[in-house]
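Below are the chains, spelled out letter by letter.
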Amino acid sequence: MTIHKASKDPVLIKKIALKIWSLRTEIEEVIRFRLKEAENREVSSPPLKDLIDEYQGNVSPQDIEAIFKNLSSDEEGEESEEEEEEEEEEENDESSEDSGSNLVIQRTPQIPEEKITRGKTLLSEINMEHIYLFAEDSFIEGKNVVIEFLIPKMFSLNAQVIHCRKHSMSSRVISEQKLPYRACFKFTFLKPGEKSLLRQFLLSIEPEKVTVQQAEDQEGSGEDDDDFGELDDLDM
């Protein structure tokens, strides 16, 4: 992997933690929340038109309606949940942010932990088209996913899996194989404003330059020379 080859200045490498789930899982959780909300309000059928419009770039209306019917059947066959769980469901409410002239829909559905894949990436491996990352689970090529960036101001982007393969055990990029899969995703910018969110993020978090003197001091400190420097403590 090439790191900062375009610059002669050493930089501090930015590590970014990620959460990844399938787009279908997100839709299922949004619809499941709406079903419970409709039940509490004694509404016969929750609206789906806005979801169909929102996800139409990657999911057909028929697929969304099929998910709705399946979840409706499951809900009818189950006993009522305790009311205390309803407070936790507040996290499923959709929030919107104004990014320039675009309205950005950022959902925060309560995704089950078993359906979330953890990952990490480097700032140098994100551009306006692709993101390269390390992940704890594998992904099927062509699968539509949602990536949540775990930074102080969290945001999520839609993407499609380009490739994913087992990472070589001999690689020095990671010290432990806690994240054994190497993947490349292509951003799909499914929702209006996602491209603006990514652009603002890349512009706001620049790699910090390290002075030449600091670099020379580190070289003479007696520590083992390692071409990957801070990459060794990725703890993946």
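## Let's talk about the overall build of the protein chain
Per the secondary structure count, the protein chain includes 5 helices and 10 strands. Expressed as a percentage of the 236 residues in the protein chain, the buried residues total 39%. Counting only contacts in the protein chain whose residues sit at least 6 apart along the sequence, the fraction spanning at least 24 positions is 71%. Here the protein chain displays about 14200 Å² of accessible surface, and carbon together with sulfur accounts for 45% of that area.

## Some points on the nonpolar core
Counting 27 residues, the largest nonpolar core has I126, I131, I147, F149, F185, F187 and F201 as its most contacted members. The set of elements that each furnish at least two residues to this core consists of β2 (15–22), β6 (130–135), β7 (144–149), β8 (155–166), β9 (181–187) and α4 (194–204). Considering each element in turn, this core owes the most residues, 5 residues, to β8. If sequence neighbours within four positions are ignored, I131 has contacts with L18, T121, E125, I126, I147, F149, A183, C184, F185 and F187. Grouped together as the second largest cluster of nonpolar side chains are 19 residues, I52, F68, I116 and L190 included.

## Examining the confidence of the model for the protein chain
With 66% of its residues at a pLDDT of 70 or more, the protein chain shows a mean pLDDT of 77. Within the model, the stretch residues 1–7 combines pLDDT values under 50 with 13 contacts to residues more than four positions away or in other chains. Low pLDDT, under 50, characterises residues 209–213; the stretch is placed with 6 contacts to residues that sit more than four places away or in other chains.

## Quick notes on the sheet that holds β9
Judged by pairing direction, the barrel is antiparallel, and its 6 strands sit side by side in the order β2-β5-β6-β9-β8-β7 before closing back on the first. Ignoring strand direction, the axes of neighbouring strands in this sheet form an average angle of 45°. Across 7 bridges, β8 lies against β9 in antiparallel orientation. In the strand pairing of β9, V161 is matched with F185. Packed on one face of the sheet, helix α1 (residues 23–40) meets β2, β7 and β8 and runs near 70° to β2. Packing against the sheet, α4 makes contact with β2, β7, β8 and β9, and its axis sits at approximately 80° to β8.

## Considering the pattern of salt bridges
A full pass over the atoms with the stated rule returns 10 salt bridges. As a salt-bridge pair, E54 and R107 come within 2.7 Å of each other at their nearest N and O atoms. In this pair, E54 sits in helix α2 (residues 49–55) while R107 sits in strand β4 (residues 102–107), placing the two residues 53 residues apart along the sequence. Side by side, E54 and R107 carry an identical accessibility label, which is buried. For R118, the salt bridge identified is with E113, shortest N-O distance 2.9 Å. Taken together, the shared-partner salt bridges connect E26, E54, R107 and K191 into one network.

## Focus: the pairing of β9
Counting buried positions along β9 yields 6 of 7 residues, so the element is predominantly enclosed. Pairing analysis gives 6 bridges linking β6 to β9, with the strands arranged antiparallel. The residue bridging L133 from the neighbouring strand is A183, located in β9.

## Here we look at α1
Look at α1: 26 Å from first C-alpha to last across 18 residues, which is about the 26 Å you get at 1.5 Å a residue. Phi for E42, located one or two positions after α1, is positive at around 55°.

## Here we look at the packing of aromatic side chains
Going through the model one piece at a time under the given rule, you end up with 5 aromatic pairs. Seen in terms of ring centroids, F149 and F201 are 5.5 Å apart; in terms of plane orientation they differ by 55°. Their pairing is tilted. Of this pair, F149 sits in strand β7 while F201 sits in helix α4; the two residues are 52 residues apart in sequence, bridging distant segments of the chain. By the burial criterion, F149 is buried, and F201 matches it.

## A short note on the environment of K195
Within the secondary structure layout, K195 lies in helix α4. When its relative accessible area of 41% is taken as the criterion, K195 is described as partly exposed.

## Side note on the environment of K115
In this structure, K115 sits in the loop between β4 and β5 (117–122). Of the residues examined, K115 reaches a relative accessible area of 34% and is grouped as partly exposed. In sequence terms K115 and E26 are 89 residues apart; their C-alpha atoms lie 9.8 Å from each other. Among residues more than four places away in sequence, those in contact with K115 are I20, W21, T25, E28 and E29.

Rules of the game
- Residues numbered from 1 in each chain as written.
- Predicted model: local features only at pLDDT ≥ 70, side-chain atom pairs only at ≥ 80, totals over all residues.
- Heavy atoms only, no water.
- Helix = DSSP H or I, 4+ residues; strand = E, 2+ residues; numbered from the N terminus.
- Buried < 20%, exposed > 50% of the residue type's maximum accessible area, 1.4 Å probe, protein only.
- Contact = heavy atoms within 4.5 Å.
- Areas by Shrake-Rupley, 256 points an atom, 1.4 Å probe, with all protein chains shown as cover.
- Core = buried A, V, L, I, M, F, W, Y, C linked by side-chain atoms within 4.5 Å.
- pLDDT = per-residue confidence, 0-100.
- Pairing = 2+ DSSP bridges.
- Axes fitted to C-alpha atoms, helices over the stretch in contact; angles between N-to-C directions.
- Salt bridge = Lys/Arg side-chain N within 4 Å of Asp/Glu carboxyl O.
- Expected span 1.5 Å × (residues − 1).
- Phe/Tyr/Trp six-rings, centres within 6.5 Å; stacked < 30°, edge-to-face > 60°.

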